[in-house]
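Here are the chains, one letter per residue:
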Amino acid sequence: MLGATGKTGRRVARRLEALGRPVRVGTPSGTPPFDWTDEATWPAALDGVGSVYVTYYLDLAVPGAAEAVGTFADLAVARGVRRLVLLSGRGEAGARRGEQALQRSGADWTIVRSAFMAQNFNESFFLEPVRAGEVAFPAAEALAEPFIDADDIADVAVAALTTDGHVGQVYEVTGPRLVGWAQAVAEIAAVAGRPIRYLPVSLEEYASLLIANQVPAGYVKMLTDVFTEVLDGRNAYLSDGVRRALGREPRDFADYARAAAATGVWSDPAAA
Ligand SMILES: NC(=O)c1ccc[n+]([C@@H]2O[C@H](COP(=O)([O-])OP(=O)(O)OC[C@H]3O[C@@H](n4cnc5c(N)ncnc54)[C@H](OP(=O)(O)O)[C@@H]3O)[C@@H](O)[C@H]2O)c1
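The structure displayed is predicted, hence computed values, not measured ones. Position numbers for residues count from 1 along each chain, tracking the sequence in the order it is written. A pLDDT threshold of at least 70 governs which residues receive local features in this predicted model, and a stricter bar of 80 or more applies before side-chain atom pairs are shown or counted, although totals over entire chains, interfaces and linings include all residues. Side-chain figures throughout are based on the complete set of non-hydrogen atoms in the structure, without hydrogens or water.

Novice: When you look at the site of the ligand in this model, what are you seeing that I'm missing?
Specialist: Surrounding the ligand, one finds 25 residues, the nearest of these being Thr5, Lys7, Tyr56, Met117 and Asn120. Between N or O atoms, a polar contact is any pair within 3.5 Å; within protein, one atom must be a potential hydrogen donor and the other a potential acceptor, and residues adjacent in sequence are included only when both atoms are from side chains. Between an oxygen atom of the ligand and a side-chain N or O atom of serine 29, the distance comes to 3.4 Å. Within the backbone of tryptophan 36, an N or O atom sits 2.9 Å from a nitrogen atom of the ligand. Contact with the protein chains removes 80% of the 920 Å² of surface that the ligand exposes when unbound. Cavities and pockets were defined on a 1 Å grid built over protein atoms only: a cavity is a set of grid points that admits a 1.4 Å probe from which the probe cannot escape, a pocket is an open set flanked by protein on both sides within 12 Å along at least five of seven lines, and lining residues are those with an atom within 4 Å of any such point. To decide whether a molecule occupies a pocket or cavity, check its atoms: if more than half lie within 2 Å of the grid points, it is inside. Using a 2 Å cut-off from the grid points, one finds that the ligand occupies the largest pocket. Tallying contributions element by element places strand E2 (residues 83-89) first for the shell around the ligand, with 3 residues. The criterion for a residue being near a molecule or strand is simple. One of its heavy atoms has to lie within 4 Å of it. Note that accessible areas follow from Shrake-Rupley with a 1.4 Å probe, and for residues the cover is restricted to the protein chains shown. Numbering of helices and strands runs from the N terminus; a helix is a DSSP stretch of H or I covering at least four residues, while a strand is a stretch of E covering at least two.

Novice: I'm lost on the packing of aromatic side chains in this one. Help?
Specialist: Two rings belonging to Phe, Tyr or Trp (six-membered ring only in the last case) form a pair when the distance between their centres is within 6.5 Å. Interplanar angles under 30 degrees mark stacking, angles over 60 mark edge-to-face geometry, and anything in between is tilted. Summed over all chains, the structure comprises 29 aromatic pairs. Geometrically, the ring pair formed by phenylalanine 125 and phenylalanine 227 is tilted, given 6.4 Å between the ring centres and 45° between the ring planes. Remark: phenylalanine 227 occurs in helix H10 (residues 217-230) and phenylalanine 125 occurs in the loop between helix H5 (120-123) and helix H6 (127-132); sequence separation between them is 102 residues. The cut-offs for exposure are 20% and 50% of the maximum accessible area for each residue type, with area from a 1.4 Å probe on protein chains only; residues under the lower value are buried, those over the upper are exposed, and the others partly exposed. When its relative accessible area of 7% is taken as the criterion, phenylalanine 227 is described as buried.

Novice: Explanation requested: the packing of helix H1 (residues 9-18) against helix H7 (residues 150-162) in the structure shown.
Specialist: Angle between the axes and distance between the axes: these two values describe a pair of packed helices. The interhelical angle for the contact between H1 and H7, taken along N-to-C directions, is 50°, at an axis separation of 9 Å. Classed by the angle they form, the pair H1 and H7 counts as oblique. Relative to H7, H1 is oriented so that their crossing is right-handed. Contact with H1, carried on its side by Arg11, Val12, Arg15 and Leu16, involves Ala150, Asp151, Ala154, Asp155, Ala157, Val158, Leu161 and Thr162 of H7 and no other residues of that element. Gly counts as polar in this scheme, as do all residues outside two lists: the nonpolar Ala, Val, Leu, Ile, Met, Phe, Trp, Tyr, Cys and Pro, and the charged Asp, Glu, Lys and Arg. Residues that form the contact of H1 with H7 fall into these classes: 7 nonpolar, 1 polar and 4 charged. In this description, a line fitted to the C-alpha atoms serves as the axis of each element, helices being fitted only across the stretch in contact, and the angle between N-to-C directions of two axes falls anywhere from 0 to 180 degrees. Reported orientations rely on four angle classes, namely roughly parallel under 35 degrees, roughly antiparallel over 145, roughly perpendicular from 65 to 115, and oblique for the rest. A crossing counts as left-handed when the near helix is turned anticlockwise from the far one by less than a right angle, and as right-handed when that turn is clockwise. Any two residues whose heavy atoms approach within 4.5 Å at even a single point are treated as in contact.

In short, the description is geometric, and any link to function would need to be established separately.
And the structure:
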């Protein structure tokens, strides 16, 4: 399990443990550690492993990711791993190269191509902006995104890791509804019970905001490169990956937002 403490990884790990499957956590702080930037850590992490959930850090679309994923997949197959399930993105050329590198390994592969995860709003880089009452992002207010729930991604990944019929499948997974960026933030504000503004900004303004928030320059470049590519409307459509993999519909953004709000994660810090 790579990225086993991340948004999808920890959900996949929890499900596998509930099924009584042994799980090896492949992260820099795991035992043994696994680090994408240090190939010397890869063989020990693969010892005795039959299947791997592969999530690349920082993002499968960044330069060098496809090469690393290809090298990792080849090593995994050479060490006896049969099944590889890759978390990928929609629409980015780099992500497509990463998929192809993994497919070439000869493993039994499944690709899970994910839309923008809803959990970015409560477990990731949008959490602080939401709590602060203003989400600035380089996407037009009305640009539609079919936000996907990380629980649905995890269900698809676990089905692919543990059951038959998913080998050689590319599952493009989205939520059931196209939601505009301003609409998504408005839905969160409604269930959080306080005003939160969506602010469309240029890529340059977004990069400056990240730098002002002490995000390292290399990280800012990677993020803005990826967002330049995918926020042009190419991903504004629904896909049926969840239904094809699981035989049920994906969870709606409104249900995600209600459940996340109920945890108190978006409560106004000033009111606490
Ligand atoms: N977020 C989205 O909306 C979205 C959409 C489509 C595709 N994706 C893809 O999802 C992948 C990220 O998955 P995620 O969002 O589930 O993860 P995430 O929540 O960003 O978590 C990152 C995981 O990677 C681990 N990690 C950090 N540095 C690492 C390193 N140097 N080597 C190995 N592992 C490292 C972290 O471990 P620690 O906890 O120890 O730091 C953590 O388990 C990316 O490849 C991206 O392309 C994301």
